Structure formats: structure tokens, C-alpha cells
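Topology and contacts: notes
Below are the chains, spelled out letter by letter.
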Amino acid sequence: MSPDTSPHAPSPWRPGDEPDLDRTIAYRVPRTAANEAHTVRLPSWTEPEEIDPATVPGPAAPPAGRDRRGRGWILALVAAVLVGVVGGGVWAASKLSGGGAQPQDVLPANAIAYVRLDLDPSAGQKLALFGIARKFSATREAFDGDDPRKALVTALQKGEPGLSKADYARDVEPWLGDRAGLAVLPADGGGDPVGALAVQVKDEAAARTGIAKMGLDGGKGGLAFREGYAIIAMSQKLADEYVKAAPLSGEPRFAADLDALGEPGVLSFWMDVEKVADAGWSEVAATPVLRQIRGMRLAGALRFSGDYAELAGITRGGTAAPGRPEPVKIGELPASTVAAASISGLGDLLREQWPSVEQSASGSGGEMVRQALAEARTQYGLSLPDDLATLLGRSLTLALDEQDLDGGQPRVGAVLTTDTAKARDVVDRLKGHLNGMERSAGIATAEGDGRFVIASTQEYADALNGGGTLGESETFRLAVPDAANATYAVYADLDRLEKLYLDSLNGQGRADAEKLRAVGLSGTHGEDGSTFALRLVFN
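Rules used in this analysis
- Residues numbered from 1 in each chain as written.
- Predicted model: local features only at pLDDT ≥ 70, side-chain atom pairs only at ≥ 80, totals over all residues.
- Heavy atoms only, no water.
- Helix = DSSP H or I, 4+ residues; strand = E, 2+ residues; numbered from the N terminus.
- Buried < 20%, exposed > 50% of the residue type's maximum accessible area, 1.4 Å probe, protein only.
- Areas by Shrake-Rupley, 256 points an atom, 1.4 Å probe, with all protein chains shown as cover.
- Phe/Tyr/Trp six-rings, centres within 6.5 Å; stacked < 30°, edge-to-face > 60°.
- Contact = heavy atoms within 4.5 Å.
- 1 Å grid on protein atoms, 1.4 Å probe; cavity = no way out; pocket = protein on both sides within 12 Å on 5 of 7 lines; lining within 4 Å.
- Points joined across faces, edges and corners; volume = space filled by probe spheres on them.
- Nonpolar A, V, L, I, M, F, W, Y, C, P; charged D, E, K, R; others polar.
- Axes fitted to C-alpha atoms, helices over the stretch in contact; angles between N-to-C directions.
- pLDDT = per-residue confidence, 0-100.
- Polar contact = N/O pair within 3.5 Å; in protein donor to acceptor, adjacent residues only side chain to side chain.
- Salt bridge = Lys/Arg side-chain N within 4 Å of Asp/Glu carboxyl O.
- Arc of directions from axis to C-beta.
- Pairing = 2+ DSSP bridges.

A short note on the overall build of the protein chain
The helix and strand tally for the protein chain stands at 20 helices and 16 strands. Scored against the burial criterion, the 539 residues of the protein chain give a buried share of 48%. For the protein chain, the exposed area adds up to about 24,500 Å²; of that, 56% sits on carbon and sulfur atoms.

So this is what it looks like as C-alpha cells:
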């Protein structure tokens, strides 16, 4: 448990807004000139600059590719590198750098999807990640400050027996750098997309020898070098083409999306949703859902602050409804709220999508939908979609209160921003139907100032109708960023909910659970795209 205060202010995540801590650090990687013939040798991982030991979780088994001879080892390498997001990132927190070329600077501009892992991000990211890792048993004790890259190679060798002939100290450590990126690219002449992997290297000659020992020989793939990265492709022809291609970082839409995203953190990703769907799943691309997101792009990042870990993202493009829903009012709930969810625009969305709902009900496999609609009309007397759209309203907020949380009747309720007269009529009809079935409806209501409240007790309905100060809570503000402008939000105060589950945990598991303070999700959606931020807040 901790008081509802924090010494750390949340970061706005815009790179330009953060102090450039890197300027004082010697371990900066100069970007190689495009025509430079050799690879810049980066500082060794064994330099005595470590802050504190940290740990990694056990290595995960790499996924098997469809063609293990041609691409399985590449997919295994990607999987093993991603194992280092937590463990390797923690170890890299002892190196305060973040400079140098990124994988998007060396991978082709025609990529339809891209994922980047950076074990050498900005100084603030590394220090925050290191501090969080020290809180938990798995990352505090299981790994004692050894080179995390060795753990990644070990995971590779377990999943790919053909790699066992490579010795890490001799064949890998001398050349393996801090960053890696995977681009998914359209295949020449159509067909399934292909992958291209960019791995930062400290020594080109050593990398060429080491990668060959890891299986890139006998025509199994292609290898070329560009600006301090090894480019690994499905063939030598493709590798040679990729190092000459315009870089992904120069593609205008990609660059604009990453700029809008802000701080890229330890892990980041980007994809052209429509092109990815068209490339491998033509039957999916023809569905109504994919038609709605035609032209959409998605970008996201995993990043850290002293108080929380955050997965944030944006979408751009696609087909969106005109206008933007009004902000939710989740921050106006009572301060005793322990969990809540709120979203705007569902009523309008239901009306807009109702023809699709009816079309699905009339098609094959729509029997359950037809039955549910028929019961709503005949048994409950609802007029669809109007009555349901009234209950969803312009915004809908669900809430759970701390009082009686572990009792027989928890206090739960819903706050609707809607036409109160119409909402009252719908609820009265539902209550009349339930009462006619010789059972109490158990529904309490309150209304005022454009709000209609439905709750489990009259006392709680009145409390919800009166509003509150949840938005002033420090825990809430950390977990739900920019709640005042969000068009959807979710919040759970784990410090106050833990009474429901802590007794089922023992020892270190209980201690780790007590480090979790809250979880929250917030974002916006509208005609200009959408944003989201999922945060896990720590004590």
C-alpha cells in the first residue's frame, strides 16, 4: 500500500520536451556516413559503467516458421531478441546513451509493417525501466547483471539446434549491438510477404563470420551491411537491394506517424493495416471490418516512467465517422470509486451500424442474433435500435464503489449522458416487465442535469448523480492520462481492490502483487484518427 501521492510527475512523452540527458554521456554512437566503407566499432558491453544488476525472465521458445530451412532461424532470432524487452532493457539501463542510427534508417521504405527493439533507448527510459525492474522478484534476482544478449543467443540455440555450433563469446559477443528491427515487405510478383531483419553490429567482419556460423550459409539467406547494421534477408539478391533502397525513416507517412507518437521507448511498432491484410489474408480484406479501416495505419510504443509502464499508440487514416464524440466524465465519479469504464458515442455508432446488425441476423449463422432481437422486442417491449441507443446515450459510464466491495451486494451503477425522459421511459418499461414476472427489478434511478443514473441501490444512485472528485486523485491521474479530453477510459485502483485477491497469494507472489498500484486506459477516437494509452502504475 502507498499513499495517493507520487514524487514523479508523468512524462508528456514528446522527445523535444525531455531534457537531453544524452549530451553528457560518453557512450554515444555516431551515425556512420552513408558512403563510409567500414563499420564503426561501438563500445563494448563489458565497459565498467554499470549502475546496478538486473534480471531477465527465462527465455521463451522461439516460434517455428513455415519453412525452417529458409526462414525459421530468422524468426527465431526475432523471437529471442524480443525476449530481451524486459531483461535486456533492464541491463541496458546501465548504459546511458540512446544515440546513433535506428533500424528504420536502414530498412526499406516500402515496408508494410515494422517492429523495433532498442536496448539502448534514451537515458530517462533506461533509468525508469531499471527502477521498475528492481521492484519485482523475477527481474531483481534471476539475472545477476550478465550480458542479456547471451541469454538471447541461448534461447536461439535451444529452439534451433543448427545454431549450437556458434559459441557466444567467440562468435557473437564481439559484434552484436544494441538494436534490432524487423520489416515486413511485399514479395516481388505477389505472394506472401517477406521479412528483412536489421541487427546493429559493432564489427562488420566479426558479424559476417558469426552470422555465417549461426546458419546463414549454404544459400539459406542473404547478408549485407548498411550504416552499422547487418541486413539479413531471404536471399542475397534481396539483401543487396535492401541496402540500396530508400530508408523507411524517410517515408513521409511513417515519419509523420512516429512524430505524432512521440517517445519511441524500448519497443515500438508500425503497420499499414490495409496493406498487411491485403498481402496475406485477401478473404479478410473483403470483410466489412477491413473496409472500415481501409487506409488505416497503426503505430505504438512500450515506454516507461518512474511510476508506470505504458503501451501507447495512435491510428491515422481509415474510414471514420464525421465529428468527434464528447469527452467522457469518468473523472466526475465519486472519490470512493475503485473501478470504472466510460465511452462516448456508442448510441450514434449503434444507429449507424444497425443495418449491418440486421444483415448479420438475416444471414446464415445469425439465429442467435435473430432470437435476441425478437426477445427484446416482444418480451421487453423495446423499440430497436432507438431504445437501446437511448440507454447507450452520448456517453456511458459504469462504476464500482469501494463501500460493500466484499459484501453481499456491491455498489454498482451506470451514468448515462442522454435524453433523460426517454431513458426513464425505457427503464420503467423494463422494470414493469420484471415486476410482472413476480420478482423485484432491483433497479434504482436518479436524474439531473442531462444525466440519468441506474444503480444497485438508491443511495448509490444519488451519490453517482451528485458527481465526485475521482479526477483529483493522483493515482487516477497517473493511470488515466488526459482523462478530461478522453472519449473512452478504463480505471482500476488495485491498491483498494487487492483485498479481493491478496489472501489467495503467498510469499513473493503476494509481495509482487502489492507493488501494483493501478491500471488505466484512455484515448480518443474521431475523424482525425485515434489515440490510446494503457498504463500499469506501481507503488
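Considering the packing of aromatic side chains
Applying the stated criterion across every chain, the model contains 3 aromatic pairs. With centroids separated by 5.7 Å and ring planes inclined at 80 degrees, the aromatic side chains of Tyr114 and Phe254 adopt a geometry described as edge-to-face. Of the two residues, Tyr114 sits in strand β1 (residues 113-118) while Phe254 sits in helix α9 (residues 252-261), which places them 140 residues apart along the sequence. Residue Phe254 is classed as buried on the basis of its relative accessible area, which comes to 2%. Each ring, one from Phe254 and one from Trp270, has its centre 5.3 Å from the other, and the planes form 75 degrees; the classification is edge-to-face. On the criterion of sequence distance, the pair formed by Phe254 in helix α9 and Trp270 in strand β6 (residues 267-272) is long-range, its members being 16 residues apart. No difference in accessibility class separates Phe254 from Trp270, as the two residues are buried. An aromatic cluster is present here, built from Tyr114, Phe254 and Trp270 joined pairwise through their rings.

Points about the environment of Phe452
Inspection of the secondary structure puts Phe452 in strand β13 (residues 451-455). For Phe452, a relative accessible area of 1% gives the class buried. Sequence separation between Phe452 and Ala414 is 38 residues, and the spatial gap between their C-alpha atoms is 8.3 Å. The residues touching Phe452, leaving out its near neighbours within four places in the chain, are Ala414, Val415, Leu416, Thr418, Thr420, Ala423, Arg424, Val427, Thr445, Ala446 and Glu447.

Quick word on the side chain of Thr524
Relative to the elements of secondary structure, Thr524 occurs in strand β15 (residues 516-526). The exposure class of Thr524 is buried, given its relative accessible area of 13%. Apart from residues no more than four positions distant in its own chain, Thr524 is found in contact with Arg324, Asn485, Ala486, Thr487, Tyr488, Gly529, Ser530 and Thr531.

Quick look at empty space enclosed by the protein
If you walk through the whole model with that rule in mind, you get 4 cavities of 30 Å³ or more. Computed from the structure, the second largest cavity encloses a volume of approximately 100 Å³. Residue lining of the second largest cavity: Lys329, Glu332, Leu333, Ser395, Thr397, Val415, Thr417, Arg451, Leu464 and Gly467, and that is the complete set. Elements with a minimum of two residues in the lining of the second largest cavity: β10 (395-401) and β11 (412-417). By residue class, the composition of the lining of the second largest cavity is 3 nonpolar, 4 polar and 3 charged.

Thoughts on the environment of Leu391
Mapping Leu391 onto the fold places it in helix α15 (residues 386-392). Taking the C-alpha atoms as reference points, Leu391 and Val415, 24 residues apart in sequence, are found 9.7 Å from one another.

What about the packing of helix α13 (residues 346-362) against helix α14 (residues 367-378)?
α14 packs onto α13 with a crossing angle of 115 degrees between their chain directions and a minimal axis gap of 8 Å. In this structure, α13 contributes Trp354, Val357, Glu358, Ala361 and Ser362 to the contact, and α14 contributes Val369, Arg370, Leu373 and Arg377.

Let's talk about the confidence of the model for the protein chain
When pLDDT is averaged along the protein chain, the result is 78; 72% of the residues meet or exceed 70. Of the regions scoring below 50 in pLDDT, residues 2-97 engages in 236 contacts with residues more than four places distant in sequence or in other chains. Long-range and interchain partners of residues 142-146, a stretch whose pLDDT sits below 50, account for 15 contacts in this model, where long-range means more than four residues apart.

As for the environment of Ala239
Counting through the fold element by element, Ala239 comes out in helix α8 (residues 236-244). For the pair Ala239 and Ala224, spaced 15 residues apart in the sequence, the C-alpha separation amounts to 5.7 Å. Residues contacting Ala239, with those up to four places away along its chain left out, are Gly222, Leu223, Ala224, Ile231 and Ala233.

Looking at the side chain of Asp118
On the secondary structure map, Asp118 appears in strand β1. The exposure class assigned to Asp118 is buried, which follows from its relative accessible area of 2%. A polar side-chain atom of Asp118 sits 2.9 Å from a polar atom in the side chain of Arg179. Those residues within four positions of Asp118 in sequence are excluded, and the remaining contacts are Gln102, Asp178, Arg179, Gly265 and Val266.

Quick word on the pattern of salt bridges
Enumeration over the complete set of coordinates arrives at 25 salt bridges. Residues Asp272 and Arg253 are paired through a salt bridge, measuring 3.0 Å at the closest nitrogen-oxygen approach. Of this pair, Asp272 sits in strand β6 while Arg253 sits in helix α9; the two residues are 19 residues apart in sequence, bridging distant segments of the chain. Classification of Asp272 by relative accessible area gives buried; the value is 2%. Assessed through its relative accessible area of 32%, Arg253 is described here as partly exposed.

Regarding α8
Turning to α8, its buried residues are Leu238, Ala239, Tyr242 and Val243. One face of α8 carries all of its buried residues, which in axial projection span an arc of 130 degrees. Away from its buried face by more than 90 degrees, α8 exposes Lys237 and Lys244. Where the residues of α8 are buried, they touch β2 (176-185), β3 (194-201), β4 (222-226) and β5 (229-233).

Notes on unusual backbone geometry
Geometrically, the link from Leu384 to Pro385 is a cis peptide bond, its omega value of 10 degrees lying close to zero. Looking at the element boundaries, Pro385 is found in the loop between α14 and α15. We note that Glu227 has phi near 50 degrees; this positive angle belongs to a residue other than glycine. One can find Glu227 in the loop between β4 and β5. The exposure class of Glu227 is buried, given its relative accessible area of 16%. We note that Asp449 has phi near 55 degrees; this positive angle belongs to a residue other than glycine.

Comments concerning the pairing of β4
Most of β4 is tucked away: 5 of the 5 residues are buried. Of the two faces of β4, the one holding Gly222, Ala224 and Arg226 and the one holding Leu223 and Phe225 are both buried throughout. With 5 bridges connecting them, β4 and β5 associate as antiparallel partners. Residue pairing for β5: Arg226 is matched across the bridge by Tyr229. Connecting β4 to the next strand, β5, in antiparallel fashion are 2 residues, including Glu227 with a positive phi near 50 degrees.

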